[in-house]
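Each chain, written out:
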Amino acid sequence: MKLRELLTKLRFLFARKRASDLRDLDEELRFHVEQSVQAYVDEGIAAKEARRRALIDFGGVTRTREAAYEQWPGWWMETVLQDVRYALRGFRRNPVFTVTVIVTLALGIGATTAVFSVVDRILFRSLPYAHDDRIVSIGLSQSLEKQEFMLGGFFYEWRDNQKPFEAMASQSTGPTSCVLAESIPTQLNCISAQAGFLPMLGILPVLGRNFLPEEDRPNGPRVALITYGLWKSHYGLDPRILNRLITVDGSPMRVVGVLPKEFELPTLQAADVIMPLALVEAEKQRTQNGGIGQPMRAFARLKPRVSITQAKAEMEPLFIHTQETFIPAEVRKDFHLSIRSLRDRQTEDVQLVAWVLLGSVLAVLLIACANVASLMMARGAARERELAVRSALGASRGRLIRQTLTEAFLLSMVGATAGLALAQGLLMVFIAMAPTSVPFLDKAHLDLRTAGFTVLLALVSGVFFGLIPALQKPRSVALSARMTHSGRHAFLRLGMVVGQIAISMILLSGAALLLRSFQKMETQNLGVQTRGVMTARISLPGVRTEPIAGLVSKKGQTQKDIFLQVEAAVRRLPGVGAVGWSDSFPPGGGWQNSRMYSDFAVVGKSRSSERSGGLVRLRGVTPDYFRALNIPIVRGGGFTEEERGSSELFMVLSRLLASRLFPGEDPIGRRIGMGSDGTTYTVVGVAENVRNGGLSEQDIPEAYWLRRNVAEDWGVPVPVMVFDTVLAPATVSPWVRSQIAHLEPMAPIEIETLNERVSKLADRPRFETALLGFFALTGLSMAVIGLYGVTSFLATQRTQEIGVRMALGANRADILRLIVHEGARLLLLGAAIGVSASLALTQLLKSLLFDIGPRDPATLGAVTLLLAVVALAATLIPARSAMQTDPMEALRCE
Amino acid sequence: MPRSVQPPAPSSSDLLQGTLDLLILKTLALEPMHGWGVALRIQQVSKDALQIGQGSLYPALHRLEYRGWIVSEWASSENNRRAKFYSLTAVGRKQLDTELANWDRMAEAIALVLGRREATL
């Protein structure tokens, strides 16, 4: 029976005799009615009356016909095809409408999809770990280092006494570069992690195994896990990689496993090789004495149903207890317990950027949808008569709604397909201009998930703008020839235009604020010369693993010797001016190169009691550093070449630091003690302030210590070179490169202009500004098109009225006023709503802004003006054509 | 078909769900018939108590045909008009038996509930 049913279905589906089936059905029904008529006639009723009664008895032939038809399987396919054909014919007749709708949708959907695929990883997509929602980053936070870190002593005590976590494990603070000895040595990133690290994350190697606990101890067997990427690029996915000995930084280690393809460190740092962290359990004792303990990064997996807040509350007493054991009382205040979700740790402030971008792109989509809905409504009004005719002919409401929805779906699907292509293009642009500080951006791509999102968007927007024009019942009034376009959807359309203006106002305000802030950031005075300044960073391979001063390279030279030879070689180059050394470049520098203000003890003064006096940036430089960067020495002489040979220690203070340490005094010749070992520096100069807190942060006081020509001054922090030149960077780079290669053939060198470096720092704000600006302009143009559409629609509707007015003596200026007045009212209302919403919403941007308030009146005023000018221009076009109305023509068209 | 004086008959929508199908199958079990014939026959046999709304007759016929319980063919009617005749298939006959058995069970059950009959067990 099932088979039979199936066969019948198939027959119905493929017989392709729909037309004849329908004819059969009609004939069958006609036969019925005629039999009925005959029966009445046989009763002696007149033929005409008999037919009337028979039809009444039957009740709705069309209805029955449709009901019978709908019993056939696949009948709906026929009607869908019909609707599709009908819609396509309509689109062909009205190409401008069709193209406008598709382009608008493609823009909205494309931009949204591209942004979604970028922010998806930042905001929504689960992390590639089992129980990813339960993984937290745990540690101490302190003013020097905002990212939580862990210290040896803390780690053991917490791990052994904690209750809220299932597992806790740590990795080293970050990857270090290491060299894999192959036929061509390759520079890799190596990191160490505990044996419990991968199990805590819920990661299993795809090949081999994790470290064993007995391998994760000092002087244990040398083993390593390698990433899938390294396995692929260096070993061609060869399964015999297991148990193979590879040589990393000169010592052999056994590969015990390969990490999964999608593996990433919780810190998102790049690493190719993972080695056991091999913590010394006795570390605990050592840290008690030393006071600091081995720094590392710790992560933990919460027990099920334990929240982060709970975990924090439970860990707080333990934190306080451990702190009392390890941290000196006077600095305790500066340490805090930090537990946060891994997602927060990974994305930090980017989450706000992501939400802002997603919000603005959704606003653009909303504007696009409103525009399309508005277009559909305008078309709906024009087609009202057609719909009314079809309705009168017996088409059901459902049928008409289905027709409109089919049209909307077709348009949105084509729009979505075009949008998908656009998204792909936009994504390529995003990635090309991507700053490295936006995590995951480089990995963003269109996949099933984002494509699904696009389809969903298309469906939702399809329903949204398909339903609005279909919702109202076609009125029979529309059948009358005298029908004029009434404002039946007018209120909705006007409302949408007002909404569009308001939304684009908000977008524009946000973009303008970011733009102003970015400009201020770009043009701020850095206090250093960036033009014509070049920077070079040299990694010395022989002494890389333990860059301790005085360590001897293969050639028997110390680091100092090599660096000084490099300096001399670069100095000899023609066109090169001052050559100096530093350990970082302004603006910026990093916390590794900072000290607490309280560490500075002026000899002869009582030590500062301020424990949280903030940070002081420390840079180890040579005398020419100031000349190369054109930093003026405002007091004293600064460092001299002679002092490099001295056994004494010298220091130059920034103006800010000098005024804090020596208020109203002359600092030259004074001595400053640093650290607990009693080393003191003599102050030999005061340098002008330099922006060294990064582009967007507060200025940080700075102290320069002189790198002398002794081995211990050339270790950590590893020096970087800075020099000024009148020649083009493209000319100088190869020279410098070859000079250094001559001295150390294996040393990797990075040469960059300082301009490039500074410009990289502004990558993020530039990216945010460009994106938001793009969305704002897209939104604005769509809103303006919408306003234009509505104004011209209203103007056409009033053609007759205008004709009458002109016939009665109204001049062109009156007509202009009439039309512009209409548009201006919408504009004013939209702008008013937009401004008030902007005032509330731009507040969210506060942390992204530099040197400008989120309610900067000048910016908001300029934006309002821009919007007003553009929008008024859009209403002038229909106004102009209304002014050219020929009164006779207008009156005749009635 | 005389219908001048007629008590308001229950329309097919008042019929028990599925009863119309059963009635059609039972009617066609006697001989192949066209739609008009089916309606007439049911009305006559039920002594005008059941008047099949034509609006639901044809959808039902098409539904049954699609299920494979009846088949149709064009033939000449009594008055030599072309009409579509429906006849029961073997599957349809089996279905009729099933539905009749169901009907009996149901009728008995309802009778029991209404207390019109003693339990036969």
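In this report, we go over the structure that sits alongside the text. Given the structure is predicted, the values throughout are model-derived calculations rather than measurements. Here the residue index of a chain counts from 1 through its sequence in written order. All chains are assigned letters beginning at A, and all ligands numbers beginning at 1, according to the order in which they are written. Predicted model: local features are reported for residues with pLDDT of at least 70 only, side-chain atom pairs are reported and counted for 80 or more only, and whole-chain, interface and lining totals are derived from all residues. Side-chain measures here rest on the full set of heavy atoms in the structure, leaving out hydrogens and waters.

### So, the overall build of chain B
The way it works is that DSSP assigns letters per residue, a run of H or I at least four long becomes a helix, a run of E at least two long becomes a strand, and they are numbered from the N terminus. Across its full length, chain B carries 4 helices and 3 strands. Helices (α) and strands (β) of chain B occur, in sequence order from the N terminus, as α-β-α-α-β-β-α. Think of it in three bands: with a 1.4 Å probe and only protein chains considered, a residue is buried below 20% of the maximum accessible area for its type, exposed above 50%, and partly exposed in between. Residue burial in chain B is summarised as follows: out of 121 residues, 41% are buried. Within the structure as shown, chain B displays about 6900 Å² of accessible surface, and the carbon and sulfur contribution to it stands at 56%. Here, Shrake-Rupley sampling with a 1.4 Å probe gives the accessible areas, and only protein chains in the shown set may cover a residue.

### A closer look at the packing of helix 25 (residues 812-841) of chain A against helix 26 (residues 857-883) of chain A
Residue and element names in this part refer to chain A. Interaxial angles span 0 to 180 degrees and are taken between N-to-C directions of axes, which are lines fitted to C-alpha atoms, for helices over the stretch in contact. Running from amino to carboxyl end, helix 25 crosses helix 26 at an angle of 155°, the nearest separation of the two axes being 9 Å. Between helix 25 and helix 26, the crossing angle belongs to the class labelled roughly antiparallel. Like other packed secondary-structure pairs, helix 25 and helix 26 cross with a definite hand, here right-handed. Contacts between helix 25 and helix 26 involve Arg812, Ile815, Leu816, Ile819, Val820, Gly823, Ala824, Leu827, Val835, Ser838 and Leu839 from the former and Leu860, Thr864, Leu867, Ala868, Ala871, Leu872, Thr875, Leu876, Pro878, Ala879, Ala882 and Met883 from the latter. Each residue gets one label: Ala, Val, Leu, Ile, Met, Phe, Trp, Tyr, Cys and Pro are nonpolar, Asp, Glu, Lys and Arg are charged, and the others, such as Gly, are polar. Split by residue class, the contact of helix 25 with helix 26 holds 18 nonpolar, 4 polar and 1 charged. Each angle gets one of four labels, with under 35 degrees taken as roughly parallel, over 145 as roughly antiparallel, 65 to 115 as roughly perpendicular, and the rest as oblique. Each crossing gets its hand from how the near helix is turned against the far one by less than a right angle, where anticlockwise is left-handed and clockwise is right-handed. By the convention used here, residues are in contact when the closest approach between their heavy atoms is within 4.5 Å.

### Side note on the sheet that holds strand 2 (residues 70-76) of chain B
Residue and element names in this part refer to chain B. A strand pair is defined by DSSP finding two or more bridges across the two strands. Pairing within the open sheet is antiparallel, and its 3 strands lie in the order 1-3-2. Every other strand in the sheet has two partners, leaving strand 1 (33-34) and strand 2 as the edge strands with one partner each. Looking at chain direction, strand 1 and strand 3 (residues 82-88) are connected through 2 bridges and run antiparallel. When the sheet's bridge partners are listed, histidine 34 is paired in strand 3 with phenylalanine 85.

### What to know about the interface of chain A and chain B
Frequently, the measure chosen for interface size is the accessible area that the parts lose on association. Between chain A and chain B, the residue contacts involve 27 residues of the former and 30 residues of the latter. Note on terms: buried area is the combined drop in 1.4 Å-probe accessible area of two parts once they are placed together, counting the loss on both. Roughly 2700 Å² is buried in total at the junction of chain A and chain B, and carbon and sulfur atoms are behind 57% of that figure. The salt bridge definition used is simple: a Lys or Arg side-chain nitrogen within 4 Å of an Asp or Glu carboxyl oxygen. At the boundary of chain A and chain B, one finds 3 salt bridges. Two residues, lysine 84 of chain B and glutamate 28 of chain A, come together in a salt bridge whose shortest N-O distance is 3.9 Å. Elements with a minimum of two residues in the side of chain A that touches chain B: helix 1 (2-14), helix 2 (18-42), helix 3 (47-58) and helix 4 (61-69) of chain A.

### Looking at the state of the cysteines
All names here are of chain A. By convention in this document, the label disulfide applies to cysteine sulfur atom pairs within 2.5 Å. Considering all chains together, one arrives at 1 disulfide over all chains under this definition. Linked covalently through their sulfurs, cysteine 178 and cysteine 190 form a disulfide whose S-S length is 1.9 Å. On the S-S bond that ties cysteine 178 to cysteine 190, the torsion sits near 85°, and the link is right-handed. With cysteine 178 in strand 4 (residues 176-181) and cysteine 190 in strand 5 (residues 186-193), the pair connects residues that are 12 residues apart, well separated along the chain. For the pair cysteine 178 and cysteine 190, one class covers both residues: buried.

### Considerations on the nonpolar core
Residue and element names in this part refer to chain A. Grouped together as the largest cluster of nonpolar side chains are 59 residues, with contacts concentrated most on Val115, Phe430, Phe775 and Leu867. Looking at this core, the elements with two or more residues in it are helix 6 (95-124), helix 13 (350-382), helix 15 (397-432), helix 17 (490-523), helix 23 (763-797), helix 25 and helix 26. Examining the composition of this core, we find that 13 residues originate from one element, helix 23, more than from any other. The residues contacting leucine 867, other than those within four sequence positions of it, are Ile501, Ser504, Met505, Leu508, Leu780 and Leu827. Buried Ala, Val, Leu, Ile, Met, Phe, Trp, Tyr and Cys residues form a nonpolar core when they are joined through side-chain atoms within 4.5 Å.

Nothing here speaks to function; it is all geometry.
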